[in-house]
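A look at the structure
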Amino acid sequence: MTRPITLFTGQWADLPFEEVCRLAAEWGYDGLEIACWGDHFEVDRALAEPDYVTRKLETLDKHNLKVWTISNHLVGQAVCDSPIDERHKGILPARLWSDDAETVRRNAAEEIKNTARAAAKLGVDTVVGFTGSSIWHTVAMFPPASPAMIEAGYQDFADRFNPILDVFEAEGVRFAHEVHPSEIAYDYYTTVKTLEAIGHRPSFGLNWDPSHMVWQGLDPANFILDFADRIYHVDCKDAKVRTPDGRRGRMGSHLPWADLRRGWDFVSTGHGDVPWEDCFRALNAIGYDGPISIEWEDAGMDRLDGGPEALGFITRLNRITPPTASFDAAFSSE
């Protein structure tokens, strides 16, 4: 099945947008999944400046690239998070920051609404992002977290995201939540709970990224089948679970990325434990025909090597096409 292959620009946002376009085009990408940070796509400017979106589209066209999706993970993280602290200050635009945590959450929610409006101006129908979570910090379940506390966390998510989804629906745009530790949905059961919390609204779906699943022990191919009607976008990122040595732990031990004492690490696509062929066959099975976006993230490999290499790896998988007839049809005498 032929699907466009894009490069997610989040890990490239220290480079000018024009430079990332040049690199992606030279390597053979079909387009970009544009991050809403750096100078790649600025939501406030997209809404305030009449020619901002036009200039972005002209730059893409100059390099024969297209855009199907924009992503605003960094701002989305602050919508539901508790606590709000210096980590958020480090990733949010200064104009959204406040010393009052609830003001930050409200500012972030308004920015995600505006992201839907900006996406519509750009001509894309999907925004990928995070939600944050008021209960992620309870994941170890000690001090004990009561069922009521967990329920309140999902209600908080619904109360904050339903008004956001109202805007998405008005603009004809979908939100694709990336299932990820530290978010309201981070594995199978929390994804079920999240969808239930907002009444399975069609404007809220999933960004499938298997790298966050393999180190948790989840089956990323079955996840595709389980949530077939909610796979709104695909990010290809890989993770490697290292051989247990009695010291390496799945929680990472507060060790930096690429530290070989870690129990797992993100690695460039094709270098980890994601069962990629199973996953692409599952995407074919559910009829997913949207973009396949490569998210380069590997602290042990230069991105100028990882970017083009991952494209070649995914291109081969993307060519797997379901047959028009059963393979055993040739055995029939009729």
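Residues numbered from 1 in each chain as written. Predicted model: local features only at pLDDT ≥ 70, side-chain atom pairs only at ≥ 80, totals over all residues. Heavy atoms only, no water.

Looking up the protein in an unreviewed UniProt entry gives the name DNA-binding protein, with the organism given as Acrocarpospora phusangensis.

1. Brief notes about the overall build of the protein
Test applied: By the criteria applied, helices consist of DSSP H or I runs no shorter than four residues and strands consist of E runs no shorter than two, each listed in order from the N terminus. Taken over C-alpha atoms, the radius of gyration is set against a globule rule of 2.2 Å times the number of residues to the power 0.38. Contacts between residues were defined by any pair of non-hydrogen atoms, one from each residue, lying within 4.5 Å. The Shrake-Rupley method, run with a 1.4 Å probe, gives the accessible areas here. Residue values count only the displayed protein chains as cover.
Helix and strand counts for the protein come out as 12 helices and 10 strands. Expected size for 334 residues packed as a compact globule is a radius of gyration near 20 Å; at 20 Å, the protein falls within 12% of this value. Sequence-distant contacts, at least 24 apart, represent 77% of the contacts inside the protein between residues at least 6 apart. Accessible area for the protein stands at about 15200 Å²; split by element, carbon and sulfur atoms hold 53% of it.

2. Re the side chain of Ser134
The following threshold applies: Think of it in three bands: with a 1.4 Å probe and only protein chains considered, a residue is buried below 20% of the maximum accessible area for its type, exposed above 50%, and partly exposed in between.
Structurally, Ser134 can be placed in the loop between strand 4 (126–129) and helix 7 (147–171). On the basis of relative accessible area, Ser134 is assigned to the buried category, the value being 18%. When sequence neighbours within four positions are dropped, the list of residues in contact with Ser134 reads Cys80, Ser82, Gly153 and Asp156.

3. Things to note about the packing of aromatic side chains
Threshold: Aromatic pairs are defined between Phe, Tyr and Trp rings, using the six-membered ring for Trp, whenever the two ring centres lie within 6.5 Å; interplanar angles under 30 degrees are classed as stacked, those over 60 as edge-to-face, and all others as tilted.
Going through the model one piece at a time under the given rule, you end up with 20 aromatic pairs. A ring pair is formed by Phe175 and Phe204, whose centres lie 5.8 Å apart and whose planes are at 25°; its orientation type is stacked. Highlighted residues: Phe175 in strand 5 (residues 174–178) and Phe204 in strand 6 (residues 204–208), separated in sequence by 29 residues. Of the residues examined, Phe175 reaches a relative accessible area of 0% and is grouped as buried. Look at Phe204 and you get buried, because its relative accessible area is 0%. An aromatic cluster is built from Phe157, Phe161, Phe168, Phe175 and Phe204, whose rings are joined through pairwise contacts.

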